[in-house]
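Residue-level listing of the chains:
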Amino acid sequence: MSAIAPTSPAAAPQTTSAASTKVRAMPQSPAKPQPKAEAKRTPLLQQPRVQRIAYPLLVGVVLVALWQGVVTAMELPPYLVPSPYLMMQTLVTDWMPLGMALLVTLKITVLSFVLATIAGVLISFLFVQSKLIETALFPYAVLLQVTPIVAVAPLIIIWVKNPTAAMVVCAALVALFPIISNTTLGLRSVEPDLQSYFKLNHASRWQQLVRLRIPSALPYFFGGLRISSGLALIGAVVAEFVAGTGGSGAGLAYQILQAGFQLNIPRMFAALLLISLTGVALFVLMAWLTKLALGSWHASELSQD
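Now for a look at the structure at hand. Source: prediction; values computed, not measured. Residue positions are counted from 1 within each chain, in the order its sequence is given. Note on the predicted model: pLDDT of at least 70 is required for a residue's local features to be given, and 80 or more for side-chain atom pairs to be given and counted; whole-chain, interface and lining totals, by contrast, use all residues. Side-chain numbers come from the whole structure's heavy atoms, not from hydrogens or water.

Here we look at the packing of helix α4 (residues 95–129) against helix α11 (residues 265–294)
And then number 1: Lines fitted to C-alpha atoms define the axes here, with helix axes fitted over just the stretch in contact, and angles between the N-to-C directions of these axes take values from 0 to 180 degrees. The numbering of helices and of strands both runs from the N terminus, where a helix is a DSSP run of H or I of at least 4 residues and a strand a run of E of at least 2. One can describe the packing of α4 onto α11 by two numbers: an axis separation of 11 Å at closest approach and a directional angle of 35°. You can see that α4 and α11 cross each other, and the crossing is right-handed. Contacts between α4 and α11 pair Trp95, Pro97, Leu98, Leu102, Leu106, Thr109 and Phe113 from the former with Arg267, Ala270, Ala271, Leu274, Thr278, Leu282 and Met286 from the latter.
And then number 2: Of the residues in the contact of α4 with α11, the class split is 11 nonpolar, 2 polar and 1 charged. By definition, turning the near helix anticlockwise from the far helix through less than a right angle yields a left-handed crossing, and turning it clockwise yields a right-handed one. In what follows, residue pairs with any heavy atoms lying within 4.5 Å of each other are defined as contacts. Amino acids outside the nonpolar list (Ala, Val, Leu, Ile, Met, Phe, Trp, Tyr, Cys, Pro) and the charged list (Asp, Glu, Lys, Arg) are all regarded as polar, and Gly is one of them.

Given below as structure tokens:
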């Protein structure tokens, strides 16, 4: 028997190499593109922005429909409770005097709001410089807040000869306290570790105020602005009631008084509607400014809940 010749070790790699070369030479079929996963879209009514607008509007429409239905079903006379349709009709027909009065009230509101903001911020900066100063003066700010503006307004109108300036001062006193309270609280609400870090680096009072306290106080400050804007409008209307100015310088409060004397209740409701819409517009404007200033870094505006 002849012995079987052993396979040469070098032959196996050559065969494997030839096979792998043949495999590489074979044309490969192009890979099929994978279908892209479609992004799951949130339903329109589940989007937070849509909910913030749609839900209040839905409630408002239901309330107005109920109001219209009750007035129509009970046949209430217009001098008691006007229907929403009659109120809107009066708003259109009497737009000239109501629009001019709205501009007067809006001017007093804006001026008093600006005055209250500037004075409140300056007073807060004074309070934060020393705990002794805050302890000595803060009770007087509280006293100013709890004093009814109706009781103080006649004195201010007597002392200040210009009626518009007197009404601005009255409205500013109403809107002042939220700015002082919130801004002072924000300037005091500084993390102890950060404050110790600034002191460790020998930061001056000015550097601590500008780089540490003011950024920490911004959320509180804008919260005070949202409250103060509505109070400035309330103060302007109350000041107009007390001043009782008429003619071309009359605001919406005078239109309400005049409509009440004439039993023109639809016009009174139309003026009240303008005051309410102005208050809502001021609040929305302050919320937009808050979002613009804090939306990129503060947790209260970054949260989607």
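A closer look at the nonpolar core
And then number 1: Of all hydrophobic cores here, the largest spans 18 residues; its most connected members are Leu98, Leu252, Leu274 and Ile275.
And then number 2: Mapped onto this core, the elements with two or more residues apiece are α3 (84–93), α4, α9 (205–243), α10 (252–261) and α11.
And then number 3: When residues of this core are assigned to their parent elements, the largest contribution, 7 residues, is made by α11.
And then number 4: The residues touching leucine 274, leaving out its near neighbours within four places in the chain, are Leu91, Trp95, Leu98, Leu102 and Leu252.
And then number 5: The next biggest cluster of nonpolar side chains, apart from the first, holds 13 residues, and it includes Ile108, Ile149, Ala166 and Cys170. Nonpolar core, defined: a set of buried Ala, Val, Leu, Ile, Met, Phe, Trp, Tyr and Cys residues in which side-chain atoms within 4.5 Å join the residues together. With a 1.4 Å probe rolled over the protein chains alone, any residue whose accessible area is under 20% of its type maximum counts as buried; one over 50% counts as exposed, and the rest are partly exposed.

Section: the side chain of threonine 109
And then number 1: Mapped onto the secondary structure, threonine 109 falls in helix α4.
And then number 2: A relative accessible area of 2% places threonine 109 in the buried class.

With respect to α10
And then number 1: Every buried residue of α10 is listed here: Leu252, Ala253, Gln255, Ile256 and Ala259. Buried residues of α10 fall within an arc of 160° about the axis and therefore sit on the same side.
And then number 2: Its buried side turned inward, α10 meets α4, α9 and α11.
And then number 3: Count one or two residues on from α10 and you reach leucine 263, which has phi positive near 55°. This arc corresponds to the set of directions leading from the helix axis out to the C-beta atoms.

Describing unusual backbone geometry
And then number 1: Unlike most non-glycine residues, glutamate 75 shows phi in positive territory, near 55°.
And then number 2: Structurally, glutamate 75 can be placed in the loop between α2 (48–74) and α3.
And then number 3: With a phi close to 55°, leucine 263 is a non-glycine residue in the positive phi region.
And then number 4: The class for leucine 263 is exposed, based on a relative accessible area of 58%.

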